[in-house]
Amino acid sequence: MKILVLGSGAGGGFPQWNCNCRQCAGQRIGDVEARSRTQSSIAVSADGQSWVLLNASPDIGQQLRGQPQLHPRHGVRDTPIKAVILMDAQVDHVTGLLGMREGPCIDVYATPCVFEDLTTVFPVISVLEHYCGTRWHMLAVAGTQRSATFAVDGFASLRFTAVAIPGKAPPYSPHRGEQTTGDNIALLIEDLDDGSRLFYSPGLAEVGASELQWMQGADCLLVDGTFWVEDEMLQAGLSRKTATEMGHLPQMGDDARAGMVDVMLTTGARRKVLIHINNSNPILDETSAQRRVLDDHGIEVAYDGMEITL
C-alpha cells in the first residue's frame, strides 16, 4: 500500500494566512524552523497508478500540481484519482470537491450524515451537479451501526472499513450540538495482498476501548495531531475553546485521560504519524522540546509530500 500525504496542516494550513502568532510569523521570516503545510488530505494506492483521495482539501489544486504521481497521464484530460472518501463534512475536508469540478464525474463515498450536510446546509454536492456531477456511495455508518466494511470500485486489493469515532460535526450542521453516528469516521484500510493495515483519523476527540481496538491491529497510524495540550488555543490567545471543545484529543494527557502520545505507544504500529497539525502546535517547530519528545518515542510528524509504503 502506498500513502501520499497531500496536506498535513489543520484548517487554515501553516502559516495561516491571517495569523501573526509566534509560529506563523516566525516561519514567514525564518526565525522558526518549520515547513509550510496545506490543509490535510491524503491519497492511497495499491499500485501507484490509481489513487483514492481521503478528504478533499480546499488546497487540492496546489496539492495535485505539486505531486507528479497525481498528474494526468492519458489523453487531453485525465486524473489518476478515481474516488474520494470523506471523513466528515468539515469545510477543510470537503471544499476541494469544488476544485475538482472540471474533471470527470466524482465517485464520493461518505456516510448518510455527511451526505445530508452536503446537500442541505452546505450544498457542495448540489453545486457539483451543475458541473461534473457525482456518483454517491453511501457508507452504512448510522444509528446503531458503528462500522461498515466496503470496497472502492477499481481497488480490488484494498479493503476499507469506516468506523464511527468521537468528534464534532461542522458548525453549520444540525448535529453540531449533539453528535450523530456517522458525523465523523476513521478508516481502516487493509491491503489484501500483503496484509498491511493503515488506520487514518485526522480528527479524533477521544480514544476509548473501541477506538483503541481498531488502532491496535494497524501497521501505520496516521492520526489527529491538531493540538499539543488541551488549552493550547487559549494560551496562544487564538481562541476561547479547548481542544476537546473543538473535537480533538491533544498529544499530552492529564490526570483525567491519556493523550494521543500515550495512546499511540500502547499500540504495536511500526509507523506512528501525526497529521492535521494546527498552526499553534509547537511540534511544527523542528527544534522545539515538544518535537524532541516525539522523536524520543519514535512518533513522526507528517509533512506535505510525505510518502509512506507499507
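Shown above is the structure to which this text applies.
First, a word on what this report is: a plain description of the structure on this page. (Residues numbered from 1 in each chain as written. Predicted model: local features only at pLDDT ≥ 70, side-chain atom pairs only at ≥ 80, totals over all residues. Heavy atoms only, no water.)

Below, the discussion takes up the nonpolar core. By size, the foremost hydrophobic cluster in this structure holds 34 residues, and its most contacted members are Ile42, Ile85 and Leu198. The leading source of residues in this core is strand β8 (residues 158-164), at four residues. If sequence neighbours within four positions are ignored, isoleucine 42 has contacts with Ile3, Leu4, Val5, Leu6, Val52, Leu53, Leu54, Leu198, Tyr200, Leu222 and Ile275. Counting 30 residues, the second largest nonpolar core, distinct from the first, contains Leu188, Met260, Met264 and Leu294. (Core = buried A, V, L, I, M, F, W, Y, C linked by side-chain atoms within 4.5 Å. Buried < 20%, exposed > 50% of the residue type's maximum accessible area, 1.4 Å probe, protein only. Helix = DSSP H or I, 4+ residues; strand = E, 2+ residues; numbered from the N terminus. Contact = heavy atoms within 4.5 Å.)

All chains considered together, the criterion is met by four aromatic pairs. An aromatic cluster is defined as three or more aromatic residues linked by ring pairs; in this entry it consists of Tyr109, Phe150 and Phe160. The ring of tyrosine 303 has arginine 35 sitting right over it, with the charged end atom 4.0 Å from the ring centre. The ring of tyrosine 131 carries arginine 101 above its face, with NZ or CZ at 6.0 Å from the centroid. (Phe/Tyr/Trp six-rings, centres within 6.5 Å; stacked < 30°, edge-to-face > 60°. Lys NZ or Arg CZ within 6 Å of the ring centre and 35° of its normal.)

Strand order across the open sheet formed by seven strands is β7-β8-β9-β10-β11-β12-β13, with mixed pairing between neighbours. Whereas interior strands pair on both sides, the edge strands pair on one side only; in this sheet they are β7 (147-150) and β13 (299-301). If you compare each strand with its neighbour and ignore which way they point, the axes differ by 20 degrees on average. Pairing analysis gives four bridges linking β7 to β8, with the strands arranged antiparallel. Across the sheet, phenylalanine 150 pairs through a bridge with phenylalanine 160, a residue of β8. The strands that helix α7 (residues 209-216) touches are β7, β8, β9 (185-191), β10 (197-201) and β11 (220-224); relative to β8, the one it contacts most, it runs at about 165 degrees. (Pairing = 2+ DSSP bridges. Axes fitted to C-alpha atoms, helices over the stretch in contact; angles between N-to-C directions.)

This part covers unusual backbone geometry. At the junction of phenylalanine 14 and proline 15, the peptide bond is cis and its omega measures out at -5 degrees in the coordinates. With respect to the secondary-structure elements, proline 15 resides in the loop between β1 (2-7) and α1 (22-29). Even without a glycine there, the phi angle at histidine 276 is positive, about 60 degrees. The topology assignment puts histidine 276 in the loop between β12 (271-275) and α10 (289-296). Histidine 276 gets classed as buried once you look at its relative accessible area, which sits at 5%.

On to the side chain of lysine 272. By the element assignment, lysine 272 lies in strand β12. No salt bridge forms around the buried lysine 272; measuring N to O, its nearest opposite-charge neighbour glutamate 300 is 8.5 Å away. A distance of 2.6 Å separates a polar side-chain atom of lysine 272 from the backbone oxygen of alanine 269. Apart from the residues lying within four places of it in its own chain, the contact partners of lysine 272 are Leu221, Met264, Leu265, Thr267, Gly298, Ile299 and Glu300. (Lys, Arg positive; Asp, Glu negative; His and termini not counted. Salt bridge = Lys/Arg side-chain N within 4 Å of Asp/Glu carboxyl O. Polar contact = N/O pair within 3.5 Å; in protein donor to acceptor, adjacent residues only side chain to side chain.)

With mixed pairing, the seven strands of this open sheet are ordered in space as β6-β5-β4-β3-β2-β1-β14. Edge positions in the sheet fall to β6 (134-138) and β14 (307-309), since each has one partner strand and no second. Going from strand to strand, the sheet's axes swing by 25 degrees on average, the running direction of each strand aside. Two elements, strand β2 (residues 41-45) and strand β3 (residues 51-54), share three bridges in a ladder whose sense is antiparallel. Its bridge partner being in β3, valine 44 is matched across the sheet by valine 52. Contacts between helix α5 (residues 112-119) and the sheet are confined to β5 (106-110) and β6, with β6 contributing the most and set at about 145 degrees to the helix.

For leucine 64, the location among the structural elements is in helix α2 (residues 60-65). Distance from leucine 64 to threonine 119, taken between C-alpha atoms, is 26 Å for residues 55 residues apart in sequence. Apart from residues lying up to four places away in sequence, leucine 64 is in contact with Leu70, His71 and Ile81.

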